[in-house]
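# Architecture and fold: a report
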Amino acid sequence: MSLKSDILNALQQRTGAYISGQELAEKSGKTRAAVWKAVKQLEKNGYKIDAVTNKGYALTDDNDFLNEGRIKAAMKHDVKIVHYSEIDSTNTQAKRLINSGEARETLLVTADRQTAGRGRQGKSFYSPSGTGVYMSLVMHPDTLLQNAVTATTAAAVAVCRAVERLTDIKPQIKWVNDVYCGENKICGILTEAVSDFELGVVTSVIVGIGINIKTNSFPDDVKNAGALNADVKRADLIGAVADELLGIAFGDYSAFIDYYRSHSMILGKNINFIENGKVTPATAVSIDETGGLVVKTADGVEKTLKSGEISVRW
């Protein structure tokens, strides 16, 4: 890692406590002048560092950084947490940990930045450092979340509940898994099942969640994206979302699906749905007990969508 990363890690491990420049220099094998330059670079990157003569450097309490300890302190449930400063994708890393046998229990994988964040339908999820939440919760099939649709709708509810708990914002859900604030999408969810092909059963469910907190600059090919723009710490939001999702997984299913319906932004709206490459106009009628979307086509036929893409015809 770079000197800047080494110093940041050292300061994060002792938040609120001062570390002398001499100690940081000895730990890194660099000069005190190099340490000072690295601290100044961290400050330019947005970190708030208190520097006191004869005491050293300390991160102030209002810094919004992530590590396992901060996330664990924000959670009620006791789960294993693995955090990375950078990873290709938290979902992809969760799969690696499952395959290596390191995710036998409930596991939360988080990252400051994803270099290859993934969304549904093969899309990418823009994941710059410091401005969003990128997390994957690994659960095993002794919960209610046995299928992708149910797990995905549960994740959307968990995000909305967490946002409402920590802010005064009232988000809505666009079926099946997009969370919106106003006309902008602020969250994407990707649910993946890991199966034992010999036994023919689902062994793990990975729920990947990306939330734009302060991300306001997006690539040109990203449409309708926006940010929460709320004064909320990333660790607090990760903890709240994970707690809400675990509460649904082991709790009251009927209460969760009622909440999902009440926060739908499409019920009663004219929509287009895409199925097998064909676009069909319809009206969104209701959401069934498993999170499926009941639609009525122009010829009066009702059908239930379990997956796919829809758009609202304003």
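Quantities reported herein were computed from a predicted structural model and do not represent experimental measurements.

### Quick look at the sheet that holds strand 11 (residues 278-287)
The strand order across the open sheet built from 5 strands is 13-12-11-10-14, with neighbouring strands paired in antiparallel fashion. Here the strands that pair on one side only, and so sit at the sheet edges, are strand 13 (302-305) and strand 14 (309-312). Geometrically, the sheet is characterised by an average inter-axis angle of 45° between neighbouring strands, direction not taken into account. Judged from the 4 bridges that link them, strand 12 (residues 293-297) and strand 13 form a sheet pairing that is antiparallel. Bridge pairing in strand 13 links V295 to K303.

### Side note on the side chain of D178
As for its position among the elements, D178 is in strand 7 (residues 178-181). In terms of polar contacts, D178 uses its side chain to reach the side chain of K185, at 3.2 Å. Setting aside chain neighbours within four positions, we find D178 in contact with Q172, I173, K185, C187 and G188.

### Examining the side chain of E192
Position of E192 relative to the elements: it lies in strand 8 (residues 184-196). A polar atom in the side chain of E192 sits 2.8 Å from the side chain of N91. Here the side chain of E192 touches R118 through a polar contact of 2.8 Å, side chain to side chain.

### Quick notes on the pattern of salt bridges
This model, assessed by the stated rule, comprises 16 salt bridges. Put simply, D78 and K72 hold a salt bridge, and the shortest N to O gap is 3.4 Å. D78 gets classed as exposed once you look at its relative accessible area, which sits at 70%. For K72, a relative accessible area of 38% translates into the label partly exposed. With a closest N to O distance of 2.6 Å, E275 and K303 form a salt bridge. Of this pair, E275 sits in strand 10 (residues 270-275) while K303 sits in strand 13, and the two are 28 residues apart along the sequence.

### Quick word on the environment of Y57
Residue placement: Y57 occurs in strand 2 (residues 56-59). In the structure, Y57 is positioned 38 residues away from I19 in sequence and 5.3 Å away in space, judged by C-alpha atoms.

### Points about helix 1 (residues 3-13)
Within helix 1, the full set of buried residues consists of L3, I7, L8, A10, L11 and Q12. Here the buried face of helix 1 lies against helix 2 (21-28), helix 3 (32-44), strand 1 (49-52) and strand 2.

### A short note on the packing of helix 1 against helix 3
Contact pair helix 1 / helix 3: the axes reach a minimum separation of 9 Å and the direction vectors enclose 80°. Compared by their axis directions, helix 1 and helix 3 come out roughly perpendicular. Two secondary-structure elements touch here, helix 1 through L3, K4, I7 and L8 and helix 3 through A34, V35, A38, V39, Q41 and L42. The residue makeup of the contact of helix 1 with helix 3, split by class, is 8 nonpolar, 1 polar and 1 charged.

About the criteria used
Residues numbered from 1 in each chain as written. Predicted model: local features only at pLDDT ≥ 70, side-chain atom pairs only at ≥ 80, totals over all residues. Heavy atoms only, no water. Pairing = 2+ DSSP bridges. Helix = DSSP H or I, 4+ residues; strand = E, 2+ residues; numbered from the N terminus. Axes fitted to C-alpha atoms, helices over the stretch in contact; angles between N-to-C directions. Polar contact = N/O pair within 3.5 Å; in protein donor to acceptor, adjacent residues only side chain to side chain. Contact = heavy atoms within 4.5 Å. Salt bridge = Lys/Arg side-chain N within 4 Å of Asp/Glu carboxyl O. Buried < 20%, exposed > 50% of the residue type's maximum accessible area, 1.4 Å probe, protein only. Parallel < 35°, antiparallel > 145°, perpendicular 65-115°, else oblique. Nonpolar A, V, L, I, M, F, W, Y, C, P; charged D, E, K, R; others polar.

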